[in-house]
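# Structural features, examined
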Amino acid sequence: MADIRIISQSEIPEALALLRARSGDDLSAVNQSVADILKDIQTNGDQALFAYTKKFDGFDADEANLMVSQDEIKKAYQDTDPKLIDIIKKAAENIKAFHQKQLRETWTEKDGGIMLGQLFNPVASCGVYVPGGKAVYPSSVLMNIIPAKVAGVENIYMATPPDSNGIIQPMILVASDIAGADKIFKMGGAQAIGAFAYGTASVSKVNKITGPGNAYVAAAKKQVFGTVGIDMIAGPSEVLVIDDGSVNPRFIAADVLSQAEHDELASCIAVVMNQQRAEVLQAEITAQVNRLPKKEIAVNSLKNYGMIVVVDGLDEAIAFANRVAPEHLELCIENAASYLPKIRNAGAVFLGAYSPEPLGDYFAGPNHILPTNGTAAFSSPLNVDDFMKKTSIIGYDEASLRRCYQDIAAFAEAEELDAHARSVRIRFEE
């Protein structure tokens, strides 16, 4: 039975504390091992990379077979259902179209003798990490690579762990080829992050690393940040559904369970307006969870971090959602779009009964790599800007600087930076 609890509005503070405690980002147990791996990669390059690939994946990697060949990509297309290939291509087009709208152009403005502006340039290279093992997520391949491609990144490399025969799941290769990866490497774990961060004879150093992974990958990304840029440290998945009673409860229960099957740490919340609706949902979730192939994971997720919250009305529901700052926020309410101005914190918002969360995961176009565990209060989904650099443009002529140089010098002297002050004053000395 799905043990999802019903809580009242007075219990919300306790519920929020529980949610924050589930972050799953305590990496202390693996930090030292990861540090050792990264140091080895930095010092010994390919030799260490190949040794760890053999140790952890069972694959005898070398200079000749580390990178996926065109023949392997061709075979991956042959081994993938043509209907699925068409679906991946449709999704890729939607994702590309959405992210192209995020592009910004260099701008300048001139006022007399003053010119100011911003110069936009893509990073030169990025490394995309794709997990291996039982989980196969070609959708995440598209979501990582396509924004980088749209941004204009010249060198987009992907890493994913192979099996012991050096084989990568065909759907992953097809998705990476459709998205536009320039090179695909058969490497995983902290060693792959190290190879991207420091470079080896076989793997070029990159400017930015994106993509999810296990605790070792997350710890490695944290430790190499500063040497390279990273996107975020992804936490367990989460969904919050606001239900005003106007939507079929079967839909609400299915949407809650769509995240519960991800992970035992996943947080699945429904917010309703009365106790009766809460009990209806509780029964429907119990009925549906028993039909899931990943029932055990879903049941544990619901037991640990699932909840149905009863509040006094939509304003209270939205206030609660803004405090949670969920990865996915579904507004299963009438006139959902009219409530958007009240939403402050969410990774992605889904409007109405026919915009379920998987629409965003796979097909609609917005990125599904989203801030989790409350970080939507200060961060954004992966987007084109993550692969762009902004450079400020400043140009004053002599007359313009003359009008303000004394103010600049006084400001510098107030900070006891006399050389700064002299840098502007020297231009106007007799």
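Further up the page is the structure itself.
The structure reproduced in this document is the subject of the present report. Owing to the predicted nature of the structure, the values given are computational and were not obtained by experimental measurement.

## What about the packing of helix 8 (residues 189-198) against helix 9 (residues 215-224)?
- At their nearest, the axes of helix 8 and helix 9 sit 8 Å apart, and the two run at 25° to each other. Comparing the axis directions of helix 8 and helix 9 gives the class roughly parallel. The element helix 8 and its partner helix 9 pack so that their crossing is right-handed. When helix 8 is examined against helix 9, the residues Gly-189, Ala-190, Ile-193, Ala-197 and Tyr-198 are found in contact with a partner set consisting of Tyr-216, Val-217, Ala-220, Lys-221 and Val-224.
- Among the residues making up the contact of helix 8 with helix 9, the classes are represented as eight nonpolar, one polar and one charged.

## Some details on the pattern of salt bridges
- Tallying each qualifying case throughout the model produces eleven salt bridges.
- In this structure, Glu-72 engages Lys-186 in a salt bridge whose closest nitrogen and oxygen atoms are separated by 2.7 Å. In this pair, Glu-72 sits in helix 4 (residues 70-78) while Lys-186 sits in strand 6 (residues 183-186), placing the two residues 114 residues apart along the sequence.
- Among the ionic pairs, Asp-386 bridges to Lys-208, the shortest N-O distance being 3.9 Å. One end of the pair, Asp-386, is in the loop between helix 14 (357-362) and strand 14 (388-396); the other, Lys-208, is in strand 7 (residues 208-210), with 178 residues separating them in the sequence.
- Given the relative accessible area of 12%, Lys-208 is considered buried.

## Notes on helix 11 (residues 275-289)
- The end-to-end C-alpha distance of helix 11, which contains 15 residues, comes to 21 Å, matching closely the 21 Å that a straight helix rising 1.5 Å per residue would cover.
- Among the residues of helix 11, those classed as buried are Arg-277, Ala-278, Leu-281, Glu-284, Ile-285, Thr-286, Gln-288 and Val-289.
- One side-chain oxygen at the N-terminal end of helix 11 lies 3.2 Å from the backbone nitrogen of Gln-276; it belongs to Asn-274.

## A closer look at the state of the cysteines
- Tallied over the full model, the rule gives zero disulfides.
- Free cysteine: Cys-268, not disulfide-bonded; nearest cysteine sulfur from Cys-332 at 14 Å.
- Here Cys-268 falls in the buried class, since its relative accessible area comes to 0%.

## Brief notes about the sheet that holds strand 5 (residues 155-160)
- In spatial order, the strands read 6-5-4-7-8; together these five strands make up an open sheet with parallel pairing. Bordering the open sheet on either side are strand 6 and strand 8 (229-230), each of which pairs with just one other strand.
- Bridge analysis of strand 4 (residues 125-129) against strand 7 gives three bridges, and the strand direction is parallel. Across the sheet, residue Val-128 finds its bridge partner in strand 7, namely Thr-210.

Conventions used here
Residues numbered from 1 in each chain as written. Predicted model: local features only at pLDDT ≥ 70, side-chain atom pairs only at ≥ 80, totals over all residues. Heavy atoms only, no water. Axes fitted to C-alpha atoms, helices over the stretch in contact; angles between N-to-C directions. Helix = DSSP H or I, 4+ residues; strand = E, 2+ residues; numbered from the N terminus. Parallel < 35°, antiparallel > 145°, perpendicular 65-115°, else oblique. Left-handed = near helix turned anticlockwise from the far one by under 90°. Contact = heavy atoms within 4.5 Å. Nonpolar A, V, L, I, M, F, W, Y, C, P; charged D, E, K, R; others polar. Salt bridge = Lys/Arg side-chain N within 4 Å of Asp/Glu carboxyl O. Buried < 20%, exposed > 50% of the residue type's maximum accessible area, 1.4 Å probe, protein only. Expected span 1.5 Å × (residues − 1). Polar contact = N/O pair within 3.5 Å; in protein donor to acceptor, adjacent residues only side chain to side chain. Disulfide = S-S within 2.5 Å. Pairing = 2+ DSSP bridges.

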